[in-house]
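Architecture and fold: a report
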Amino acid sequence: MAFLADALSRVKPSATIAVSQKARELKAKGRDVIGLGAGEPDFDTPDNIKKAAIDAIDRGETKYTPVSGIPELREAIAKKFKRENNLDYTAAQTIVGTGGKQILFNAFMATLNPGDEVVIPAPYWVSYPEMVALCGGTPVFVPTKQENNFKLKAEDLDRAITPKTKWFVFNSPSNPSGAAYSHEELKALTDVLMKHPHVWVLTDDMYEHLTYGDFRFATPVEVEPGLYERTLTMNGVSKAYAMTGWRIGYAAGPLHLIKAMDMIQGQQTSGAASIAQWAAVEALNGPQDFIGRNKEIFQGRRDLVVSMLNQARGISCPTPEGAFYVYPSCAGLIGKTAPSGKVFETDEDFVSELLETEGVAVVHGSAFGLGPNFRISYATSEALLEEACRRIQRFCAACR
Ligand SMILES: Cc1ncc(COP(=O)(O)O)c(C=O)c1O
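Since the structure is predicted, the reported quantities are computational estimates derived from the model, not experimental observations.

Describing the overall build of the protein
Secondary structure assignment for the protein yields 13 helices and 12 strands. Its C-alpha atoms give the protein a radius of gyration of 21 Å, near enough to 21 Å, the size a compact globule of 400 residues would have. Its C-alpha atoms give the protein principal-axis dimensions of roughly 60 × 55 × 50 Å. Sorting the 400 residues of the protein into buried and exposed places 56% on the buried side.

Some details on the side chain of K151
Tracing the backbone through its elements, the reader meets K151 in the loop between strand 4 (138-143) and helix 6 (154-160). For K151, the side chain forms a polar contact with the side chain of E185, separated by 3.0 Å.

Describing the site of the ligand
Around the ligand, the structure places 14 residues, and the nearest of them are G100, D204, Y207, S238 and K239. G100 places a polar main-chain atom, nitrogen or oxygen, 2.8 Å from an oxygen atom of the ligand. A distance of 2.8 Å is found between an oxygen atom of the ligand and a side-chain nitrogen or oxygen belonging to R247. Protein contact buries 92% of the 390 Å² of open area that the ligand shows by itself. The element that contributes the greatest number of residues to the shell around the ligand is helix 4 (residues 99-111), accounting for three residues. Its residues assigned to classes, the shell around the ligand comprises five nonpolar, five polar and four charged.

So, the nonpolar core
Within the largest apolar cluster, 79 residues are counted, with the highest numbers of intra-cluster contacts made by F108, W167, L232, L309, I315, F350 and I376. Of the residues that make up this core, three or more belong to each of domain 1 (6-44 + 290-395) and domain 2 (63-287). The contacts of F108, once residues within four sequence positions are left out, are V118, Y128, M131, V132, C135, W167, V169 and L202. Core analysis: the next-biggest nonpolar cluster, separate from the first, contains 29 residues, L73, A76, V96 and I291 among them.

Details of helix 10 (residues 274-285)
Counted at 1.5 Å a residue, the expected span for helix 10 with its 12 residues is 16 Å, and the 17 Å between its end C-alpha atoms agrees. In terms of burial, helix 10 is largely enclosed, as nine of its 12 residues are buried. Buried residues along helix 10 sit in contact with helix 2 (47-59), helix 3 (71-85), strand 2 (94-97) and strand 8 (249-252).

Remarks on the domain arrangement of the protein
Domains assigned within the protein are domain 1 (6-44 + 290-395) and domain 2 (63-287). Each of domain 1 and domain 2 was reduced to a C-alpha centroid, and the two centroids are 26 Å apart. Contacts between the two partners involve 36 residues from domain 1 and, on the opposite side, 36 residues from domain 2. Here domain 1 and domain 2 share an interface that buries about 3000 Å² over both sides, 60% of which is from carbon and sulfur atoms. Of all residues in domain 1, the largest losses of buried area upon contact with domain 2 belong to E321, F368 and L370, amounting jointly to 21% of the total for that side. On the surface where domain 1 and domain 2 come into contact, there are 18 residue pairs in polar contact (both at pLDDT 80 or more). Looking at the side of domain 1 that touches domain 2, the elements with two or more residues in it are helix 11 (289-310) and strand 9 (325-326). Top element by residues in the side of domain 1 that touches domain 2 is helix 11. It accounts for six residues.

A word on empty space enclosed by the protein
Per the counting criterion, the structure on display carries two cavities of 30 Å³ or more. Estimated volume of the largest cavity: approximately 130 Å³. The wall of the largest cavity is formed by 16 residues, among which P121, P123, N171, S174 and Y181 lie closest to the centre. Contributing elements (two or more residues each) for the lining of the largest cavity: strand 3 (117-122) and strand 5 (165-171). If you tally residues by element for the lining of the largest cavity, the top one is strand 5, at three residues. Among the residues forming the lining of the largest cavity, the class breakdown is 11 nonpolar, five polar and no charged. Size it by volume and the second largest cavity reaches roughly 50 Å³. Lining the second largest cavity, in full, are N149, F150, S177, A179, P318, T319, P320, E321 and Y327. Classifying every residue of the lining of the second largest cavity by side-chain character gives five nonpolar, three polar and one charged. For the lining of the second largest cavity, the domains that each give at least three residues are domain 1 (6-44 + 290-395) and domain 2 (63-287).

What counts and what doesn't
- Residues numbered from 1 in each chain as written.
- Predicted model: local features only at pLDDT ≥ 70, side-chain atom pairs only at ≥ 80, totals over all residues.
- Heavy atoms only, no water.
- Helix = DSSP H or I, 4+ residues; strand = E, 2+ residues; numbered from the N terminus.
- Rg over C-alpha atoms; globule rule 2.2 N^0.38 Å.
- Buried < 20%, exposed > 50% of the residue type's maximum accessible area, 1.4 Å probe, protein only.
- Polar contact = N/O pair within 3.5 Å; in protein donor to acceptor, adjacent residues only side chain to side chain.
- Near = heavy atom within 4 Å.
- Areas by Shrake-Rupley, 256 points an atom, 1.4 Å probe, with all protein chains shown as cover.
- Nonpolar A, V, L, I, M, F, W, Y, C, P; charged D, E, K, R; others polar.
- Core = buried A, V, L, I, M, F, W, Y, C linked by side-chain atoms within 4.5 Å.
- Domains from an automatic or database assignment.
- Contact = heavy atoms within 4.5 Å.
- Expected span 1.5 Å × (residues − 1).
- Buried area = accessible area lost by both parts, 1.4 Å probe.
- 1 Å grid on protein atoms, 1.4 Å probe; cavity = no way out; pocket = protein on both sides within 12 Å on 5 of 7 lines; lining within 4 Å.
- Points joined across faces, edges and corners; volume = space filled by probe spheres on them.

Here it is as structure tokens:
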């Protein structure tokens with residue numbers, strides 16, 4: 001009898017965590033490494049949010065909470081959806097989890113049966129296919145093209161849907177490409193979804209607040225209210241409020257799905273950490289002005305990185321609308337030879353030579369299902385980004 005579960009053979013470890021680990025190891029050996037692999041803001045959690053957590057501790061809010069979250073947070077979530085997305089949800093239609101990750105996992109766990117397909121546009125956030133596979137479903141990838149700024153075309157979505165499709169996973173702004181869909185671009189996809197009433201929509205709006213210029217965020221049910229009864233709208237405080245370590249994510253959707261997710265969570269982790277939930281109440285209900293300030297900083301970094309990467313030989317980098325990632329192509333370097341003598345056959349070869357030679361840690365695109373590209377997280381200081389891009393330019397110029 002095997003000790004480990006068969007389910008484990010269906011999943012891979014996270015490539016983004018592996019890159020961060022490799023960068024840490026090189027640093028520990030004394031190497032000068034710039035890590036651009038991590039997917040978290042470098043800003044600190046705002047003081048008013050920290051204070052709300054400290055106050056919660058002082059009040060003794062340190063006990064188990066209801067599985068789906070404290071009523072105050074579920075009310076704040078319902079209000080957020082009305083205020084920011086014009087979506088009508090009652091508090092009972094919301095659920096709070098230990099990070100957005102748990103929300104997604106619970107949704108798949110609560111709904112997937114063997115043979116069920118989940119349509120995932122590529123490039124995708126690394127955890128979607130692994131979660132689907134762990135829960136017994138089958139991920140179905142739909143590649144996008146760099147020339148379309150990594151956005152899914154309606155006809156490609158239509159072709160990917162079969163009678164076995166249970167979910168369509170939508171993520172805008174996207175990790176890893178930063179691509180964000182305008183209202184019109186999203187409408188083209190929701191029109192397709194309206195033709196397939198058996199398909200549910202799982203929209204991951206985690207990067208909602210990180211869009212740049214005059215781009216206006218849109219979420220599927222806002223664009224097509226006809227999808228209300230079969231959409232789970234997921235979001236969280238991790239990215240917008242610089243709260244990755246607090247582990248609070250949330251979603252709203254049809255009551256029967258929320259109840260099923262509550263059932264899973266009740267046998268797994270129960271309610272999320274009480275103190276973090278009170279901090280999240282302040283995040284959603286408190287002042288929002290620092291989000292605008294952070295956005296300006298991110299936009300400046302994005303523009304710097306895109307411009308410097310496009311000056312690197314063999315690299316081409318579209319300008320994404322959101323998140324804090326860029327997803328440049330290194331197609332111009334495939335087949336070329338690194339200073340070490342290694343010939344690049346894949347984007348993974350490129351990023352590992354870049355790390356060894358110049359000490360710049362980025363994540364290969366094949367980890368996100370579309371290459372030859374790589375992902376840079378620009379959630380770090382402008383000075384470090386400038387130095388990293390200079391090193392990338394030098395590295396590319398030295399390849400023959
Ligand atoms: C697209 C996307 N969804 C969900 C998550 C998970 O968020 P959380 O840290 O709240 O679990 C991440 C985190 O990297 C992400 O990039």
